[in-house]
Amino acid sequence: MSSQTQSVQLLLNSFPQRPFDQKILHELVGREVKKFQGKSSPDNVKSQWEFLLKNEVFTLAATEGSALKSDTTSYYDGLRDRLDLVLTFTEHDVCEATFPFTVLQDLLETQTITSCSQIFSWIESSASRLTKDMVPQKGKALILLRTLNDLLRRLSKMGSTTIFCGRILTFLSGVFPLGERSGVNLRGEYGPMWEGVKDAEKKDEDVEASKGPEDSQKMEVDKSADAKDKDSFYTTFWSLQLPFSRPPSFAILNTFGEFKDAVDKVLPVIKEATTKERAMMGNRGASGASGSLKRKREPELGEASNNSDYFFAKFLTSPDLLNLEIADTHFRRQVLFQLLILLHHLLSFTKVAKAVWSTPRNRSLQMDFTLEPADAQWVHDTIAKASAELRSTAPNGPTFADTVNVILDREKNWVKWKNDLCAPFDREPWSAEVDGRKVGMETAMREARSKRKEGPDPWNWNLGSESLTEIWEMGYRDLSDLQNPFQPGDVKDFVKKVKQEDARIEMRRKQLTKNAERLAQARAKAVALQESTARQETPAPAPTAAEPPKVDTPATSFSALLSVPSVSSSPLHPSLPPKPGSSPVKSFIEAGASSPARPPITPTPSSSTIAAPTPTPAPAAASVSETSTTTVLPPAPSLTDDQIARYEENRQRWSWLALRTARDQYLQHFGKIGTGDVVLLANEIEVEKERDKNQKTQKAEEMIPTLSTQGTEDRRPGKAGRVLVTGGAGYIGSHVIYALQQTRRYKVISVDNHHNSFPASLTRVSQIARDALPENSSEADKESAEIDAFQCDLTNAEQIKGIFERYGKCGIWGVVHIAAYKAVGESVEIPLTYYANNVAATVSLLQTMSDFDCTRIVYSSSATVYGTPPVIPIPETTRLKADSPYGKTKVMSEMVIDDLCHAEPNRWRAISLRYFNPAGAHPSGLIGEDPRGRPGNLLPLLAHMAIGRVNDTTLKVFGNDYPTPDGTCVRDYLHVLDLASGHLLALDALAPESTTFDNCPDEARYKAYNLGKGKGMSVLQIVEAMRKATGFDFKYEIIGRRRGDVPDLTADPALAEKELGFKAPQPLEVMCRDLWNWQTMNPQGYTQQ
């Protein structure tokens, strides 16, 4: 800023003498501008130039009072120099295009009229440069028009400013089209509403009320008729201000009549005042004829007038001063000019004139008023009288009248110009044709409104909507059915649908059987009850030996029972419960009572020759005699109804679709399924798939080099396989090791240079694993709880080679590569360090792994590989286009691994995990995130602020103008233990028996997966969540964006969930809770002080 200040001062000191060639100043300014190009952002440089130039102008303007007393010329020259400088800088595009106009606007408001005249002279001389590329009604054109109109308003309240006003009007006419300029309001105000003279009258009434009774009586006595007339004329005169300031008031009834009366009363008074003035001027001329004939010099613009007779009164509230106002020539001219403007405006509202300019559009802008012929004649006459009165005023009455006529001629088409410039916004009332005639909305919609009053038709869908009813009828009974919809195209899917139909048929038959049994029992009980009642009322005759008693045993066939409708079924759907309050037994009894009477069954005499009688159960109340009655039931018919028939039809349809689908691919199995058993067909297809899968796995195993004896022993049951974890002592690495040790299937080897980690984390992880061991744990389990920790640098190939040599060829089963530098901001500052540590070290590690036949790697990548993603949430298919050097190192490392898997597809298996923002800690609080120095990630920084480990009291948020809900960056946060489980799943997917790579598009066995929650949280949401977890009141400050940051990084983890079985269930609240638990238990991290 100081160097730019010196440049401005240098330009002012070396300013060329006037007049000068503009090219000289352009060269001087251009030389200074080039000095500061590229030193800062263009916006910063522009704002600094504008501040310095404006400061120079107004520093000089503040000295106007003292400067004009000494030397007027030097002050105005200094202003012109600075304004030239402002304009020249703007022409070099280092200031905004509107900057000179805002400076002029502020400057004119601070200067006297004399100085404003000098400034306007500069505007006139620089008009071609100021108005270059000026767009009408936009930008600098609006500022310039507003500035000059404000200056005109200010001049209208002054005295001898006619020449200055003329200069401004001339300038406006040369710069702006006529339709864009506002008419000059000679009253000195812009459209104030006239409130009448009620305040003045009320003030007089208040004064009268404040007088005592005696004073009131004296005033009433002293008040004459002339005073009353004076007050009446005062009110009439000032009532003209209402139509003057608000012409649309003519649309109100009687307004024009009142206006006519007022004008007819005022014009004679004005004429009388003009006559008196001319008479007085004649007397002064006669009396002063003997005096000096020397012509007086007219005062120049800006000079103070010593004429004490002149005053410019806008509105005086006392009726006693009205005569003084009317006696002033300027005041009378103003009144007559305003009257002529209004009268000419009224002439545009005759029927003939309105036909020319009136349009159906924008009717709300047009005054609903028509001037009648008689009133138009009065207007013409009044215009003639007012014009004649203007010509009679002195001095220079004819000249002034001619000027007024010119202005009125220019303003004649004002209404038409406004209509043409204003875009249409009114619309015609809505209408429609009914029976050949145009009617309004009420008439056209009458029939529709009457229909709406009628009751609705019965609803077609029992379950509320067509979709719900349809899916219910299709057999869907649970949300899981909808979450896993039927996907046609595979035989097993059709088989599933066939089995569903079979289950529905079986369920329906069971329901029908149960209903039939209930019906039979109810009828049996009802018959028994009737017989018992009848037996009590009519005694039965004593049986004789010759005639055995007749026993009517109710025998009801099963098919007859099925003919009775079931009332335990819902009327909406058979699977719904019965209507509350209904009694099945009662319904069955009523149904039985209403059924037609059956003929009695003739008993068969007992005979001892019957070998195997079939007894029929009789009611409990019936007596059993020696003679037994036997009724043989017919065979039970097949239970069926309309629903079962519909299910059978669906079953046949699904079976046909299954056979139709399998015909093209599995035609060879059709000979094995007999009559089209699709279930048997599906079993045959699955057997074939399993056989192909086993053959493929066996072939792949044969192509993989045989492991050494030690490596084979490491993977056999009961023996842990060795897995090397780079960056194992770090935040993510320690939790990944925890997840590996919990399986007791892996022996962990940790490699870390402790650049941003602490060895104590490994000790604590081992302690957690040992504490989790059962009492009867095996030696292998105990071995898996221990960690082989090595402190070395991945960039040192010899150190890494030494670790692999310790375990021999094939001694390490796989690698989880986490170690990397990961600060986005730092990577922008030291990119070479990041490329060396993240990319070169990865290449060296892969080379060493290949030398020792360790060909399985899980690579911890990052979501930053996507850069600014085109779609949110981000799928794995998104193009890789990182914005920061850190992100680019991840992209390069992925490409190296991908190329390696393609080069040796029979050896290498690799998975890249593009995870997002891990957070939280182990619930025990023993391990967590403890970066060395100031944390680079948001959540640990907030935890350090809350615990007091950092001195910052305010969080700096990088940008709040991103296209996100609250303007801050959005990231996908997931719990670090969920992330660790993702690494474990990826490592298991590298095993030979895994099917993860079966769907790869080529032979290379490499895949990339997103690990995240699929739901992003903004910076401010994280701050609020940590506020709730910690109770600490975080303060934050919004600053500019940080290079490399992208607005939104939200994962689409669907692929990982489908192929790896990955889940991230922990919510943000748990992440913040576990993080705060770790931080409170370890205020200073792993190195407690």
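Bear in mind the structure is a predicted one, so any value in this text is a computation, not a measurement. (Residues numbered from 1 in each chain as written. Predicted model: local features only at pLDDT ≥ 70, side-chain atom pairs only at ≥ 80, totals over all residues. Heavy atoms only, no water.)

**Q** I tried to follow the overall build of the protein on my own but got confused; where do I start?
**A** Of regular secondary structure, the protein possesses 43 helices and 16 strands. Here the protein, with 1089 residues, has 39% of them falling under the buried criterion. Contacts in the protein between residues far apart in sequence, at least 24 positions, make up 76% of those at least 6 positions apart. Of the roughly 61400 Å² of accessible surface on the protein, a fraction of 53% belongs to carbon and sulfur atoms. (Helix = DSSP H or I, 4+ residues; strand = E, 2+ residues; numbered from the N terminus. Buried < 20%, exposed > 50% of the residue type's maximum accessible area, 1.4 Å probe, protein only. Contact = heavy atoms within 4.5 Å. Areas by Shrake-Rupley, 256 points an atom, 1.4 Å probe, with all protein chains shown as cover.)

**Q** What am I meant to see in unusual backbone geometry here?
**A** Peptide bonds are trans in most cases, and residues, glycine excluded, mostly fall at negative phi. In the segment running from alanine 394 into proline 395, the intervening peptide bond is cis, with an omega of 0°. Its place among the elements puts proline 395 in the loop between α19 (373–392) and α20 (397–410). Note the cis peptide between isoleucine 872 and proline 873, where omega equals -5°. With respect to the element layout, proline 873 can be found in the loop between β7 (856–860) and α38 (885–903). For aspartate 133, which is not a glycine, the phi torsion comes out positive at approximately 60°. Residue position: aspartate 133 is located in the loop between α8 (127–130) and α9 (140–155). Residue class for aspartate 133 comes out exposed when judged on its relative accessible area of 68%. The phi dihedral of aspartate 435 falls on the positive side, at around 55°, and the residue is not glycine. Among the structural elements, aspartate 435 can be located in the loop between β1 (432–434) and β2 (437–439).

**Q** Honestly, the packing of aromatic side chains in this entry has me stumped. Any pointers?
**A** For any two aromatic rings, the description comes down to two numbers: the centre-to-centre distance and the angle of the planes. Summed over all chains, the structure comprises 23 aromatic pairs. Centre to centre, the rings of tryptophan 49 and phenylalanine 89 are 4.8 Å apart; their planes meet at 40°, and the pair counts as tilted. You can see tryptophan 49 sitting in helix α3 (residues 42–61) and its partner phenylalanine 89 sitting in helix α5 (residues 72–91), a full 40 residues away along the chain. For the pair tryptophan 49 and phenylalanine 89, one class covers both residues: buried. Judged by centre distance (6.1 Å) and plane angle (80°), the ring pair of phenylalanine 259 and tryptophan 378 falls under edge-to-face. With a gap of 119 residues between them, phenylalanine 259 in helix α15 (residues 255–287) and tryptophan 378 in helix α19 connect regions that are remote in the sequence. Judged by its relative accessible area of 3%, phenylalanine 259 is buried. (Phe/Tyr/Trp six-rings, centres within 6.5 Å; stacked < 30°, edge-to-face > 60°.)

**Q** Just to check I follow, could you spell out the packing of α3 against helix α6 (residues 99–110) for this structure?
**A** If you want to describe how two helices pack, look at the angle between their axes and the distance between the axes. Interaxial distance between α3 and α6 falls to 11 Å at its minimum, and their mutual angle equals 20°. The pairing of α3 with α6 is recorded here as roughly parallel in orientation. The hand of the α3/α6 crossing is right-handed. Contacts from Glu50, Leu53, Lys54, Val57, Phe58 and Ala61 of α3 reach α6 at Phe99, Val103, Asp106, Leu107 and Thr110. For the contact of α3 with α6, the residue count by class is seven nonpolar, one polar and three charged. (Axes fitted to C-alpha atoms, helices over the stretch in contact; angles between N-to-C directions. Parallel < 35°, antiparallel > 145°, perpendicular 65-115°, else oblique. Left-handed = near helix turned anticlockwise from the far one by under 90°. Nonpolar A, V, L, I, M, F, W, Y, C, P; charged D, E, K, R; others polar.)

**Q** Whenever I open this one, α19 confuses me. Can you help?
**A** Counting along an α-helix, one turn takes 3.6 residues, and residues three or four places apart therefore face a common direction. Across its 20 residues, α19 extends 29 Å between first and last C-alpha, which sits within 8% of the 28 Å expected from 1.5 Å per residue. For α19, the full list of buried residues reads Asp375, Ala376, Trp378, Val379, Thr382, Ile383, Ala386, Ser387, Glu389 and Leu390. (Expected span 1.5 Å × (residues − 1).)

**Q** Sorry, what's going on with helix α7 (residues 113–125) here?
**A** The terminal C-alpha atoms of α7, which comprises 13 residues, lie 18 Å apart, in line with the 18 Å expected from a rise of 1.5 Å per residue. Within the sequence span of α7, burial applies to Ile113, Ser115, Cys116, Ser117, Ile119, Phe120, Trp122 and Ile123.

**Q** Sorry if this is basic, but what is going on with the sheet that holds strand β4 (residues 746–752) here?
**A** Strand pairing in a sheet relies on backbone hydrogen bonds. The paired strands run either parallel or antiparallel. Pairing within the open sheet is parallel, and its seven strands lie in the order β5-β4-β3-β6-β7-β8-β13. The sheet terminates laterally at β5 (787–791) and β13 (1006–1011), the two strands that pair on one side only. Sheet twist, expressed as the average angle between the axes of neighbouring strands with direction ignored, equals 15°. Across five bridges, β4 lies against β5 in parallel orientation. Within β5, the position partnered with valine 751 by the bridge is phenylalanine 790. (Pairing = 2+ DSSP bridges.)

**Q** Would you mind going over the pattern of salt bridges with me for this structure?
**A** Should their charged atoms come close, side chains of opposite charge can pair. Taken as a whole, this structure holds 32 salt bridges when the rule is applied. Taking the shortest distance from any N to any O, the salt bridge between arginine 509 and glutamate 648 comes out at 3.9 Å. Placement of the pair is arginine 509 in helix α26 (residues 491–537) and glutamate 648 in helix α29 (residues 642–665), with a sequence separation of 139 residues. In this structure glutamate 648 comes out as partly exposed when scored by relative accessible area, which is 29%. With its nearest N and O atoms 2.8 Å apart, the salt bridge here joins glutamate 1059 to lysine 1007. In this pair, glutamate 1059 is assigned in helix α42 (residues 1054–1059) and lysine 1007 in strand β13, connecting sequence segments 52 residues apart. Overall, the relative accessible area of 24% leaves glutamate 1059 in the partly exposed class. (Salt bridge = Lys/Arg side-chain N within 4 Å of Asp/Glu carboxyl O.)

**Q** Even after reading the chapter, I still don't get the nonpolar core, so can you show me in this structure?
**A** In globular proteins that are soluble, nonpolar side chains generally tend to be buried together. The biggest cluster of nonpolar side chains holds 73 residues, and the ones touching the most others in it are Leu740, Leu942 and Leu987. The residues touching leucine 942, leaving out its near neighbours within four places in the chain, are Leu955, Ile1022, Val1023, Met1026 and Phe1034. Core analysis: the second largest hydrophobic core is formed by 57 residues, Phe15, Trp122, Leu151 and Phe164 among them. (Core = buried A, V, L, I, M, F, W, Y, C linked by side-chain atoms within 4.5 Å.)

**Q** Can you walk me through the confidence of the model for the protein in this structure?
**A** A low pLDDT score tells you not to read the predicted coordinates there in detail. When pLDDT is averaged along the protein, the result is 77; 75% of the residues meet or exceed 70. Confidence drops under a pLDDT of 50 for residues 198–223, and excluding neighbours within four residues, the segment shows nine contacts in the predicted structure. (pLDDT = per-residue confidence, 0-100.)

**Q** Honestly, the sheet that holds strand β11 (residues 970–971) in this entry has me stumped. Any pointers?
**A** In space, the three strands of this open sheet follow the order β14-β11-β16, with mixed pairing throughout. At either margin of the open sheet sits one strand with a lone partner, and together these are β14 (1017–1018) and β16 (1048–1049). With two bridges joining them, β11 and β14 adopt antiparallel strand pairing. Residue pairing across strands places valine 970 opposite serine 1018, the latter belonging to β14.

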